[in-house]
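# Understanding the architecture of this molecule
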Amino acid sequence: MTAATKGEAADRAAFLRDELNRHLRLYHVEDAPEISDAEYDRLFRELEELEAAHPELRDPESPTQRVGAPAADGFAEFAHVVPMLSLDNAMSEEELRSFDERVARELEREDRVEYRIEPKLDGAGIELVYEDGMLTVGATRGDGRVGEDVTANLRHSKSIPRKLAGKAPGSVSVRGEVVLPVARFEALNASRLERGLDPFANPRNAAAGSLRQLHDVDTDRLRALAFFAYAVGEGLPAKVKTQDGAVAQLEKWGFATSPHASVCLGVDAVIEAHEALLAKRDALPIEIDGTVVKVNALADQAELGTLSRAPRWAIAFKFPPAQETTKVLGIEIQVGRTGALTPVAKLEPVHVGGVTVSNASLHNRDEIERKDVRVGDTVVIQRAGDVIPQVVAVVKKKRKKGARRFRFPKKCPVCKSTAVRLEDEVVTRCPNLDCPAQLKNNLRHLAGRGALDIEGLGSKLVDQLVERGVVTRLSDVFRLDSEKLLELERMGEKSAANLVAAIEKAKSTTLARFLTALGIRHVGETVAELLARHFGDLDPLMAADVESLAAVEGVGPIIAESVAAFFADARNREEVKTMRELGVTWEKTEPAAPRGEGPLSGKVFVLTGTLDGMTRTEAKKRIEAHGGKVTGSVSKKTSYVVAGEDPGSKLAKARELEVEVLDSAGLEALLTDSR
Ligand code: IVH
């Protein structure tokens with residue numbers, strides 16, 4: 001393999017990880033996804049294939065190896081006793097059949113395997129913990145190991161029993177899906193639009209968003225949530241031997257479980273049931289996006305086992321995207337953060353897969369030309385639990401005579417600069433860095449959770465700030481004061497003061513967050529983290545040439561070019577300087593020891609409980625920066641268990657295996673000594 005292709009693969013992998021991580025956060029933490037599930041799956045599979053072809057690119061932190069996204073700030077962390085996993089997908093009958101063949105082979109089963117099939121409810125996965133029959137904790141899935149404790153919010157939902165019915169063992173944990181019925185979803189969005197708030201993309205995001213309300217909690221939204229239980233994490237009576245039996249037990253305890261589930265013998269019966277469910281899909285009061293196929297016998301499940309991300313005894317057999325026809329009322333051009341001009345079809349509102357759709361992306365110039373979409377056309381659109389529905393095709397027979405071909409504009413619709421399209425790119429861009437549309441999107445990005453996380457600087461406010469000329473470049477955000485803010489519409493004294501405080505707080509950040517905030521092309525959170533760890537501070541990074549940038553692990557030539565070009569631009573350097581002068585600071589990052597090398601190399605840590613003075617994620621990063629490794633479960637190979645407050649069962653396990661236990665101070669001492 002040549003160095004170039006290797007570098008390209010590394011680049012692509014870094015790009016994909018970044019994109020996937022960003023979309024995971026948008027989906028799981030911000031409840032505001034930007035791309036469809038289908039698009040996400042495509043990116044995910046591309047990364048999987050790349051990692052398979054280039055083993056040197058494998059990384060335990062890759063989204064292909066993890067579940068969901070880390071818990072968001074604001075809620076207490078809750079460590080799941082048994083990890084909450086994800087599911088692999090089968091996109092076609094063929095993929096389902098190969099799953100069945102693998103299962104039969106591994107179980108050495110000659111006859112048909114028994115499966116339980118359940119609708120795949122499109123909501124938010126949660127875990128409920130009951131002690132002596134009483135609800136004690138309700139938590140989101142988070143990254144599968146640690147979720148957010150949303151107990152207080154969950155208590156408002158009528159479908160979550162406070163107390164288990166009948167006999168229950170001392171400790172029970174129940175998993176299931178929280179969903180928002182489609183009718184409630186549509187009503188919620190209508191009222192959000194009325195109040196000037198952004199609507200939720202789909203019922204799933206609305207459900208997850210409702211659960212995650214931190215301030216001014218809207219209890220009506222919580223009451224509208226429905227919970228369907230589908231698994232027992234802990235506390236299943238030993239006499240239960242099947243998935244079907246587990247669900248029956250859940251019902252005895254007083255939980256609603258999903259209707260339209262059944263036990264099927266063999267893969268053909270599964271396919272039949274899947275198709276019957278698909279036929280009912282649009283008539284159901286809640287959104288479902290496929291069938292979950294589970295090996296019914298628990299002993300067989302145990303034999304098949306689980307991988308880090310998903311069990312090997314279950315698969316999500318996805319529905320094909322829901323399609324519908326409607327009319328194109330207009331075609332608008334939107335300007336993105338990097339100036340990309342994206343054509344969007346404005347549609348006559350139509351119900352697709354249970355949700356009303358009125359916009360669809362046409363992606364780019366080639367796409368709209370290839371499909372030849374014209375205003376007034378009748379088009380087929382589709383969504384697959386999708387966020388931004390797509391125009392699949394034009395129904396040419398229905399085209400009105402005289403309908404004119406769409407002409408892609410030569411100018412940016414916002415600032416009127418002449419649009420450019422580079423030879424090897426599909427996107428057409430507005431080249432004007434001062435274009436208000438770009439500035440708005442850059443500002444939203446800077447204020448976003450992965451970047452400076454400025455609470456209260458939302459989309460609508462950004463629009464006003466830019467439109468009124470209060471902010472004309474990114475750094476102006478650090479000049480905002482109450483006086484300037486109070487001139488804006490719908491801005492009271494209290495909100496203004498809160499925002500000023502939030503901006504002040506955001507000024508003390510980390511190098512990685514600052515780099516993310518700058519909005520350099522191809523530099524998302526992951527790449528920013530790599531750069532920050534490698535260079536330790538901004539000045540050496542700004543001085544680095546393309547070669548030394550490309551030498552950073554995980555950074556390939558395209559990213560290196562982009563970073564070098566960004567800092568070569570005098571205006572960008574000026575912006576950075578201004579931001580620093582206005583008080584933006586970050587701690588120097590401890591430059592990384594090469595992976596696995598360092599004073600703690602060879603040492604394996606397990607973290608449990610709430611640590612003093614640092615989050616577990618920070619602790620993990622610092623241990624790794626010193627060459628140590630952090631794993632999830634205690635074994636004989638574990639060197640230290642670091643136990644904070646309220647440690648879980650891991651502490652007991654450490655004692656049992658006589659593994660050395662450290663408290664937070666002990667870990668701190670170890671990290672300091674080993675410098
Ligand atoms: S079983 C270990 N059953 O789909 C098995 N999950 O894409 C994992 N989901 O995280 C879960 N309906 O939130 C299971 N009947 C069902 C489900 C279901 C929806 C969700 C769940 C899971 C996600 C995986």
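Before reading on, note that the structure itself is shown above.
Residues numbered from 1 in each chain as written. Predicted model: local features only at pLDDT ≥ 70, side-chain atom pairs only at ≥ 80, totals over all residues. Heavy atoms only, no water.

## Let's talk about the overall build of the protein
Our working definition: For helices the rule is a DSSP run of H or I covering at least 4 residues; for strands it is a run of E covering at least 2, with both sets numbered from the N terminus onward. Note on exposure labels: buried denotes an accessible area under 20% of the residue type's maximum, exposed denotes more than 50%, and partly exposed covers the range between, all computed with a 1.4 Å probe on protein chains only. Pairs of residues are marked as contacts when any of their non-hydrogen atoms sit within 4.5 Å. Note on areas: Shrake-Rupley, 1.4 Å probe, and residue coverage restricted to the protein chains presented here. The convention is simple: Lys and Arg are positive, Asp and Glu are negative, and His and the chain ends are not counted. Note on charges: their place is set at NZ of Lys, CZ of Arg, CG of Asp or CD of Glu.
What the protein contains, in helices and strands, is 24 helices and 22 strands. A principal-axis box enclosing the C-alpha atoms of the protein has dimensions of 75 × 70 × 60 Å. Residue burial in the protein is summarised as follows: out of 675 residues, 50% are buried. By sequence separation, contacts in the protein at least 24 residues apart represent 69% of the contacts at least 6 residues apart. When the accessible surface of the protein is summed, it comes to about 32200 Å², and 51% of that surface belongs to carbon and sulfur atoms. A gap of 4 Å separates the mean positions of the 95 positive and 106 negative side-chain charges of the protein.

## Structural notes on the sheet that holds strand E5 (residues 134-140)
Worth spelling out the cut-off: For two strands to be treated as a pair, DSSP must find at least two bridges joining them. Only the stretch in contact is used when fitting a helix axis, every axis being a line fitted to C-alpha atoms; angles between N-to-C directions are given from 0 to 180 degrees.
Overall, antiparallel pairing links the four strands, which are arranged E5-E4-E7-E8 in an open sheet. Both outer strands of the open sheet, E5 and strand E8 (226-234), are each paired with one neighbouring strand and no more. Here the strands of the sheet are splayed against their neighbours by 30° on average, with no regard to which way each runs. Pairing analysis gives seven bridges linking strand E7 (residues 171-179) to E8, with the strands arranged antiparallel. Looking at E8, one finds that serine 173 is bridged to glutamate 234.

## Some thoughts on the pattern of salt bridges
Selection criterion: Should a side-chain nitrogen of Lys or Arg be within 4 Å of a carboxyl oxygen of Asp or Glu, the pair is scored as a salt bridge.
One pass over the full model with this rule turns up 41 salt bridges. We note a salt bridge from lysine 440 to glutamate 467, for which the minimum N-O separation is 2.6 Å. In this pair, lysine 440 sits in helix H12 (residues 436-447) while glutamate 467 sits in helix H13 (residues 459-467), placing the two residues 27 residues apart along the sequence. Residues lysine 577 and glutamate 581 are paired through a salt bridge, measuring 3.9 Å at the closest nitrogen-oxygen approach.

## Some remarks on the site of the ligand
Definition in use: In this text, near means that some heavy atom of the residue lies within 4 Å of the molecule or strand in question. Whenever two N or O atoms come within 3.5 Å, that pair is a polar contact, provided that in protein one can donate a hydrogen and the other can accept it, and provided that, for residues adjacent in sequence, both atoms are side-chain atoms.
Taken together, 13 residues lie near the ligand, and Glu118, Arg141, Glu177, Tyr230 and Lys294 sit nearest. For the ligand, a nitrogen atom lies 3.5 Å from a polar atom in the backbone of proline 119. Those elements that place two or more of their residues in the shell around the ligand are strand E3 (114-121) and strand E10 (288-295). It is E3 that contributes the most residues to the shell around the ligand, four residues altogether.

## A look at the sheet that holds strand E20 (residues 629-631)
Spatial strand order, E20-E19-E21-E22: four strands in an open sheet with parallel pairing. On the outer flanks of this sheet lie E20 and strand E22 (660-662), each paired with one strand and no other. Here the strands of the sheet are splayed against their neighbours by 35° on average, with no regard to which way each runs. Here strand E19 (residues 604-608) pairs with E20 via three bridges, running parallel. Note that in E20 the partner of valine 606 across the bridge is threonine 631. Helix H22 (residues 616-625) contacts E19 and E20 of the sheet and is inclined by roughly 170° relative to E19.

## A short note on helix H9 (residues 267-280)
The condition that has to hold: A helix's residues, less one, multiplied by 1.5 Å, set its expected span. The arc in question is traced by the directions running from the helix axis to the C-beta atoms.
A rise of 1.5 Å per residue sets the reference length of H9, with its 14 residues, at 20 Å; its end C-alpha atoms lie 20 Å apart and thus fit the reference within 8%. Residues Val267, Val270, Ile271, Ala273, His274 and Leu277 constitute the buried set of H9. An end-on view of H9 places all buried positions within 165° of arc, on one side of the element. For H9, the exposed residues set more than 90 degrees away from the buried face come down to Glu272 and Ala279. On its buried face, H9 sits against helix H3 (93-106), E3, strand E9 (262-265), E10 and strand E11 (314-318).

## Some remarks on helix H6 (residues 203-211)
Summarising burial for H6: nine of the nine residues are buried, a large majority. Inspection of H6 places Pro203, Arg204, Asn205, Ala206, Ala207, Ala208, Gly209, Ser210 and Leu211 among the buried residues, and these make up the whole buried set.

## As for the packing of aromatic side chains
To keep things clear, this is the line we draw: Within 6.5 Å between ring centres, the rings of Phe, Tyr and Trp (the latter by its six-membered ring) count as paired, and their orientation is classed by plane angle as stacked under 30 degrees, edge-to-face over 60, tilted in between.
Per the counting criterion, the structure on display carries seven aromatic pairs. A ring pair is formed by phenylalanine 227 and phenylalanine 255, whose centres lie 6.1 Å apart and whose planes are at 70°; its orientation type is edge-to-face. Taken together, the residues span a long stretch of sequence, with phenylalanine 227 in strand E8 and phenylalanine 255 in the loop between helix H8 (243-252) and E9 at a distance of 28 residues. Both residues of the pair, phenylalanine 227 and phenylalanine 255, count as buried. Look at phenylalanine 566 and phenylalanine 567: their rings are 5.2 Å apart centre to centre, the planes differ by 85°, and that puts the pair in the edge-to-face class. Neither phenylalanine 566 nor phenylalanine 567 differs from the other in exposure class; each is buried. Following the ring pairs from residue to residue traces out a cluster consisting of Tyr130, Phe227 and Phe255.

## Structural notes on the side chain of glutamine 301
Within the secondary structure, glutamine 301 sits in helix H10 (residues 298-304). Take glutamine 301: its relative accessible area is 9%, and that puts it in the buried class. In terms of polar contacts, glutamine 301 uses its side chain to reach the backbone carbonyl oxygen of valine 295, at 2.8 Å. Every residue in contact with glutamine 301, bar those within four places of it in the chain, is listed here: Gln243, Val295, Asn296 and Trp313.

## Focus: unusual backbone geometry
When glycine is set aside, most residues are seen to have a negative phi, and most peptide bonds are trans. Positive phi values are uncommon outside glycine, yet aspartate 453 reaches one of about 55°. With respect to the element layout, aspartate 453 can be found in the loop between H12 and H13. The residue histidine 522 is not glycine, and still its phi comes out positive at about 70°. Examined against the element boundaries, histidine 522 turns out to sit in the loop between helix H16 (511-517) and helix H17 (525-535). Exposure remark for histidine 522: the relative accessible area of 32% places this residue in the partly exposed category.

## As for the nonpolar core
Selection rule: Put simply, a nonpolar core is a bunch of buried Ala, Val, Leu, Ile, Met, Phe, Trp, Tyr and Cys residues held in one set by side-chain atoms that sit within 4.5 Å of each other.
In this structure, Ile454, Leu531 and Phe567 are the most contacted members of the largest nonpolar core, which totals 55 residues. Broken down by secondary-structure element, the contributors of at least two residues to this core are H12, H13, helix H15 (493-507), H16, H17, helix H18 (538-543), helix H20 (557-568) and helix H21 (570-581). Element by element, the count of residues in this core is highest for H20, at six residues. If near-sequence neighbours (up to four positions away) are discounted, leucine 531 is found in contact with Leu515, Val523, Gly536, Leu541, Leu549, Val552, Val555 and Val563.

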